[in-house]
Amino acid sequence: MTDRLTKNASQPKLIRVLKGEAETIPPVWLMRQAGRYLPEYRELRARANDFLHLCYTPEWAAEITLQPIRRFEFDAAILFADILIIPDALGQNVRFEEGHGPRLDGMMPGDLLAMLDREKTGEKFSLICETVSRVREALTAEKTLIGFCGAPWTVATYMIAGHGTPDQAPARTAAYRDRENFDRLLDLLAEVSTDYLVAQIEAGAQAVQIFDSWAGVLPDEEFDRWVIAPTAKMIKLLRMRCPDVPVIGFPRGADGLSQRFIEQTGVDAIGCNTAMPLAQMRSLGKSVTVQGNLDPLLLEAGGLLLESRIHDIRGALSGVPHIFNLGHGILKTTPIEHVEQLVKQVRSN
Ligand code: 1CP
């Protein structure tokens, strides 16, 4: 751990912790912190009508990114966009239907490879980067701006099925049947996603998170091939171009394979889902920064149990580099007062 320590008091707290420092009061932000539980988000969302149009309008997307910072003073802002920007920018048809989540024209890996066009991505990526620069300009120096993308495996599950699925069966079946084209698809996504993250960093993102929300459904051999290998490739390419920018991996649900994920991808931090035991998080914290893992449903429920769990998470992770966060995205039914209570308690001694 000591060799990762680049002590620099002038850096924001979240970056110090990502570089391996343990803070008595951990930095805090929440996955999906910009979104539907906030009335000010719902108001803008209703005016924009179309979700992708919101993401591609820098003025609105920057405003939405900043809304939770104004309200709760989190240590980090996360760019407001979506993991499905990548398929959209590559030319696949992506829509967000009210009440149904995302809808894509799902296709087999070979057909996707024939249709996707890397040359197309520049125009849409530059709109997202314009949001990044606007947000960085508006934030004070102690706040960190996090850029993000989806991991190749998770993004591919939507590109093949055409929508979210409980078990990612369409993508798993397609990948088992045509491993060669599936590998090529993940390779393309890894390269394009790295270009996208580099562009976000050049525009002002100071750390990046790679969301692999569906990493937990794979057998270990496929986990190596479809989760670890593309993530390791992205991080290797990223380090060549942006050596100092910390990377948070979030292989959700892959608890038993977390140590292997850390060792083989080279992430600086690992996002831990709600089901990961705190003792395991503490042990992972010996090699990387750990982030998480409050249950979003407990934050929604509130009360004494919430208070005692926040206390337990902080206690279990004291002395290791820890970023306080949820184990998955905040729910749209979460009362604002519960978020206020969380931030207050995490910042109390
Ligand atoms: O109707 C609406 O207002 C849209 C709701 C919404 C929002 C607010 C979607 C649709 N995406 C987002 C923003 C978003 N998505 C962010 C913004 C930054 C933040 O505040 O954190 C981020 C980081 C994401 C990432 C994302 N999108 C993931 C990975 C994280 C996770 O929660 O697992 C995934 C899987 C998506 C796909 C997606 N986009 C939207 C929905 C409803 C979904 C899930 C679809 C499904 O599987 O059913």
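Quick notes on the state of the cysteines
The full count for this structure, using the stated rule, is 0 disulfides. For the unlinked cysteine cysteine 55, the closest cysteine sulfur is that of cysteine 129, found at 13 Å. Unpaired in terms of disulfides, cysteine 129 finds its nearest cysteine sulfur in cysteine 242, a separation of 11 Å.

Some points on the side chain of aspartate 212
Residue position: aspartate 212 is located in strand S5 (residues 207-212). For the buried residue aspartate 212, which engages in no salt bridge, the nearest side chain bearing the opposite charge is arginine 252, 8.9 Å off. Non-local contacts of aspartate 212, meaning those with residues more than four positions away in its chain, are made with Ala151, Trp153, Thr154, Val227, Thr231, Phe250, Pro251 and Arg252.

Notes on the packing of helix H8 (residues 152-161) against helix H9 (residues 169-177)
Remark: H8 packs on H9, axes separated minimally by 8 Å, with the N-to-C direction vectors making an angle of 95°. The angle between H8 and H9 falls in the class roughly perpendicular. Taking contact as the criterion, the partners of Trp153, Thr157, Ile160 and Ala161 in H8 are, on H9, Pro170, Ala171, Arg172 and Ala174. Tallied by class, the residues present in the contact of H8 with H9 amount to 6 nonpolar, 1 polar and 1 charged.

Brief notes about the nonpolar core
In terms of nonpolar packing, the biggest core is built from 126 residues, with Trp29, Phe80, Phe223, Leu294, Leu299 and Leu342 touching the most fellow members. It is helix H10 (residues 179-203) that provides the largest number of residues to this core, a total of 12 residues. Apart from residues no more than four positions distant in its own chain, tryptophan 29 is found in contact with Leu14, Phe74, Ala76, Ile78, Ile146, Gln209, Gln291, Ile323, Phe324 and Asn325.

Side note on the pattern of salt bridges
For the structure shown, the criterion picks out 18 salt bridges. With a closest N to O distance of 3.1 Å, arginine 179 and glutamate 222 form a salt bridge. With arginine 179 in helix H10 and glutamate 222 in helix H11 (residues 220-241), this pair connects stretches of sequence that are 43 residues apart. For arginine 179, a relative accessible area of 25% puts it in the partly exposed group.

Rules of the game
- Residues numbered from 1 in each chain as written.
- Predicted model: local features only at pLDDT ≥ 70, side-chain atom pairs only at ≥ 80, totals over all residues.
- Heavy atoms only, no water.
- Disulfide = S-S within 2.5 Å.
- Helix = DSSP H or I, 4+ residues; strand = E, 2+ residues; numbered from the N terminus.
- Buried < 20%, exposed > 50% of the residue type's maximum accessible area, 1.4 Å probe, protein only.
- Lys, Arg positive; Asp, Glu negative; His and termini not counted.
- Salt bridge = Lys/Arg side-chain N within 4 Å of Asp/Glu carboxyl O.
- Contact = heavy atoms within 4.5 Å.
- Axes fitted to C-alpha atoms, helices over the stretch in contact; angles between N-to-C directions.
- Parallel < 35°, antiparallel > 145°, perpendicular 65-115°, else oblique.
- Nonpolar A, V, L, I, M, F, W, Y, C, P; charged D, E, K, R; others polar.
- Core = buried A, V, L, I, M, F, W, Y, C linked by side-chain atoms within 4.5 Å.

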